[in-house]
Amino acid sequence: MAKLFVKKGDTVVVIAGKEKGKTAKVLGVSPKTNKVLVENVNVVTKHQRRKSQEDKGGIIKKSAPVCASNLMVVCPDCGKATRVAHKEIDGKKVRICKKCGASLDKAMAKTVKKLAKQEKKSSAKEEVKKEEVKVEEPKAETTKKSSTIKKTTSKTTTAKKTTTKKTAIKEEE
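As a starting point, this report considers the structure included with it. (Residues numbered from 1 in each chain as written. Predicted model: local features only at pLDDT ≥ 70, side-chain atom pairs only at ≥ 80, totals over all residues. Heavy atoms only, no water.)

Quick word on the overall build of the protein chain
Next, step 1: Check the secondary structure of the protein chain and you find one helix and 14 strands.
Next, step 2: Per-residue burial over the protein chain gives 21% buried out of 173 residues.
Next, step 3: Once local pairs closer than 6 in sequence are excluded, the contacts in the protein chain between residues at least 24 apart make up 32%. (Helix = DSSP H or I, 4+ residues; strand = E, 2+ residues; numbered from the N terminus. Buried < 20%, exposed > 50% of the residue type's maximum accessible area, 1.4 Å probe, protein only. Contact = heavy atoms within 4.5 Å.)

As structure tokens, this is what we get:
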């Protein structure tokens, strides 16, 4: 019995085969055969016989199972096809998007978002501290015939921008 990364109700995208590129909802999962039944994917025709006077026979179209290796889960937050990571939160094993860190399980989505925000804040603070240590630069002075130009650099560090200011001061003789 193989463990599958796909659950009933997930949205998946087909990554291989004749239906490549289609996005659809999972209707059923069979871990023993490693197959997944996906809505309107791998549609086959079945010739069905009448079983009673009231039933109609004829040609019926229905979805056939697809191998799980040909599918990728679509993250509900970022909307991209992603691999699945697992994390233990509050004693429960939760499926998580590898790209954005959001939960793929609906029940644990809120708690995972809170934890992801806390991790981002702590890592951003560490980066700012590292940049502040590296930023220290010596002041440079240059002189000309009649005036002195003083070059001062002050850097404002944020996560995205670094700005440099230059000021020139002329001294009269």
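Read on, since the account is not over.
A closer look at the pairing of strand β9 (residues 84-89)
Next, step 1: Where β9 meets strand β10 (residues 92-97), six bridges bridge the pair, whose relative direction is antiparallel. What sits directly across from isoleucine 89, in β10, is lysine 92. (Pairing = 2+ DSSP bridges.)

Examining the sheet that holds strand β8 (residues 81-82)
Strand-to-strand pairing in sheets goes through backbone hydrogen bonds, with the strands running parallel or antiparallel.
Next, step 1: What the six strands build is an open sheet, ordered β6-β3-β2-β1-β7-β8; its pairing is antiparallel. Either end of the sheet is taken by a strand with one partner, and the two such strands are β6 (66-67) and β8.

Here we look at the pattern of salt bridges
Next, step 1: Per the stated rule, a full pass over the model turns up four salt bridges.
Next, step 2: We note a salt bridge from aspartate 10 to arginine 95, for which the minimum N-O separation is 2.8 Å. Separated by 85 residues along the polypeptide, aspartate 10 in the segment before β1 (11-14) and arginine 95 in strand β10 bring together distant segments of the chain.
Next, step 3: A relative accessible area of 10% means that aspartate 10 is categorised as buried.
Next, step 4: Lysine 22 is the salt-bridge partner of glutamate 19, the closest N and O atoms lying 2.7 Å from each other.
Next, step 5: Judged by relative accessible area, which is 39%, lysine 22 ranks as partly exposed.
Next, step 6: Through salt bridges with shared partners, a single network forms among Lys7, Asp10, Arg95 and Asp105. (Salt bridge = Lys/Arg side-chain N within 4 Å of Asp/Glu carboxyl O.)

Brief notes about the nonpolar core
Next, step 1: Core analysis: the biggest nonpolar cluster contains 18 residues, and Val6, Val12, Val36, Val38, Val41, Leu71 and Leu104 have the highest contact counts within it.
Next, step 2: Excluding anything up to four places from it in sequence, leucine 104 contacts Asp10, Val73, Cys75, Pro76, Val84, Arg95, Ile96 and Cys97. (Core = buried A, V, L, I, M, F, W, Y, C linked by side-chain atoms within 4.5 Å.)

Describing a positive patch on the surface
Next, step 1: A contiguous patch of positive charge, built from Lys113, Lys117, Lys121, Lys125 and Lys129, is present on the exposed surface.
Next, step 2: With respect to the helices, strands and loops of the structure, lysine 117 is situated in helix α1 (residues 109-135). (Patch = residues over 30% accessible without salt bridge, like charges linked within 9 Å, V, L, I, M, F, W, Y side chains within 5 Å. Areas by Shrake-Rupley, 256 points an atom, 1.4 Å probe, with all protein chains shown as cover. Lys, Arg positive; Asp, Glu negative; His and termini not counted. Charge placed at Lys NZ, Arg CZ, Asp CG, Glu CD.)

Quick notes on the environment of valine 41
Next, step 1: Looking at where valine 41 falls in the secondary structure, it is placed in the loop between β3 (35-38) and β4 (43-48).
Next, step 2: Of the residues examined, valine 41 reaches a relative accessible area of 2% and is grouped as buried.
Next, step 3: Distance in space between the C-alpha atoms of valine 41 and lysine 22 is 7.6 Å, their sequence separation being 19 residues.
Next, step 4: Apart from residues no more than four positions distant in its own chain, valine 41 is found in contact with Val14, Glu19, Lys22, Ala24, Ser63, Ala64 and Val66.

A look at the side chain of asparagine 42
Next, step 1: Note on placement: asparagine 42 falls in the loop between β3 and β4.
Next, step 2: Residue asparagine 42 is classed as buried on the basis of its relative accessible area of 18%.
Next, step 3: Only 3.2 Å separates the side chain of asparagine 42 from the backbone oxygen of proline 65, close enough to count as a polar contact.
Next, step 4: For asparagine 42, the residues in contact, after removing those within four places along its chain, are Lys18, Glu19, Lys62, Ser63, Ala64, Pro65 and Val66. (Polar contact = N/O pair within 3.5 Å; in protein donor to acceptor, adjacent residues only side chain to side chain.)

A few points about the side chain of aspartate 105
Next, step 1: The topology assignment puts aspartate 105 in the loop between β10 and α1.
Next, step 2: Taking relative accessible area as the criterion, aspartate 105 reaches 12% and is therefore assigned buried.
Next, step 3: Beyond its immediate stretch of four places on either side in the chain, aspartate 105 contacts Lys7, Lys93, Val94 and Arg95.

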